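Summary of structural features
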Amino acid sequence: MATSPKHDLRISWFFCPFLIILASQWPRVGGELECVKTGPCSCEKPDGSGGIDLVTLARVGQPLVYDKLGRDLNLYSYNPCLPLEEPSGASVCSNVAVCMSREVDGRRTYYNCGEHLYSDFVYNNDTGYIDLIYTGGFAEAEVRHTVIHLQCGQKFDLDIQGYQEDIRTVVMTMTTPCACMTGCEGYKDLSPGSVLLIIFTVSLGFYFAAGAFYLHTVREKQGCDMIPHRHMWTELFSLIRDGCCFVIGPCRSNDPDILYSQYEKAEYDGPV
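Residues numbered from 1 in each chain as written. Predicted model: local features only at pLDDT ≥ 70, side-chain atom pairs only at ≥ 80, totals over all residues. Heavy atoms only, no water.

Within the chain, the regular secondary structure consists of 5 helices and 14 strands. Out of the 272 residues in the chain, the part that is buried amounts to 36%. Across the chain, every contact between residues at least 6 apart in sequence was considered, and the portion connecting residues at least 24 apart equals 44%. Roughly 16,200 Å² of accessible area belongs to the chain as shown, and the carbon and sulfur atoms make up 58% of that amount. (Helix = DSSP H or I, 4+ residues; strand = E, 2+ residues; numbered from the N terminus. Buried < 20%, exposed > 50% of the residue type's maximum accessible area, 1.4 Å probe, protein only. Contact = heavy atoms within 4.5 Å. Areas by Shrake-Rupley, 256 points an atom, 1.4 Å probe, with all protein chains shown as cover.)

Take the pairing of strand 8 (residues 98–104) next. Summarising the sheet, strand 5 (residues 75–78) and strand 8 pair through 4 bridges and their orientation is antiparallel. Residue pairing across strands places Tyr76 opposite Met100, the latter belonging to strand 8. Strand direction decides the pairing type here: strand 8 and strand 9 (residues 107–112), joined by 6 bridges, are antiparallel. The residue of strand 9 that forms the bridge with Arg102 is Thr109. Connecting the antiparallel pair strand 8 and strand 9 is a turn made up of 2 residues, with Asp105 showing a positive phi of about 55 degrees. (Pairing = 2+ DSSP bridges.)

Take the state of the cysteines next. This structure, assessed with the given rule, holds 4 disulfides. There is a disulfide in this structure between Cys93 and Cys99, and the S-S distance comes to 2.0 Å. Where Cys93 bonds to Cys99 through sulfur, the torsion about that S-S bond is close to 85 degrees, and the disulfide is right-handed. You can call Cys93 buried: its relative accessible area is 0%. Note that Cys152 is cross-linked by a disulfide to Cys180, the S-S spacing being 1.9 Å. One quick way to see it: the torsion about the S-S bond of Cys152 and Cys180 is about 80 degrees, and its sign makes the bridge right-handed. With Cys152 in strand 12 (residues 144–152) and Cys180 in the loop between strand 14 (169–176) and helix 2 (192–217), this residue pair connects regions lying 28 residues apart in the sequence. The cysteine Cys244 is free of any disulfide, with Cys245 supplying the nearest cysteine sulfur at 6.9 Å. Accessibility expressed as a relative area gives 22% for Cys245, which makes it partly exposed. (Disulfide = S-S within 2.5 Å.)

Turning our attention to the sheet that holds strand 14. With mixed pairing, 5 strands are arranged side by side in an open sheet as 10-11-12-14-13. Two strands in the sheet have a free side with no partner beyond their single neighbour: strand 10 (115–123) and strand 13 (157–164). Sheet twist, expressed as the average angle between the axes of neighbouring strands with direction ignored, equals 20 degrees. Pairing analysis gives 8 bridges linking strand 12 to strand 14, with the strands arranged parallel. Its bridge partner lying in strand 14, His145 is registered against Thr169. (Axes fitted to C-alpha atoms, helices over the stretch in contact; angles between N-to-C directions.)

So this is what it looks like as structure tokens:
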């Protein structure tokens, strides 16, 4: 029994809304993110749809972390938004964002590893997250950098990988809800488009799994014949073309029924 183009078109129209939602959400899921700096610890997406703001992590009078031991056994102090001083009266770590200290010849030595004035937000192609980069040490002619990989997560965590001597850079990874593009509470929120995308993905997976199971166990199909509605999926693009013609046809004063008659009926190669 052959299926008519109109019947196939009705099936394609069922999937069109999900395909449109998938296409609209894809740039948000996999596309590069750009965040323009708006303050020493905040940035905003160019289209105004979200941004990162670490101001709630700021501490007045004390850093967010103080003398935290890194993997390289150096001690680090860090305050994302407000300047810190360590130790009191030491000029090298006065009004800085990141300060590193370590034992050198039996003495505790401090290093300026970044200042708020010289901070920037940069998209990291490797991790898919935004990096907060500090630079400091200009006054001492010993320029150093700190790269903080910001990760959107439910709980706060600061992992200090340590100081890389060859590139004079401290590397950290900070996980916090405030690193989410939708704000400090954004980790718990899902947009309607994201909900629909999740529902579509789960439904599509269930459709293929259940269909393949039925065709294999009941109809004893093997290989590609286990794909439910295989004929429809192989003709998907032509069905989408027919749907576009159906929409555009009335705008061009063409009779949709006549327009359909211009296409040959699809050949049916047996039950699928």
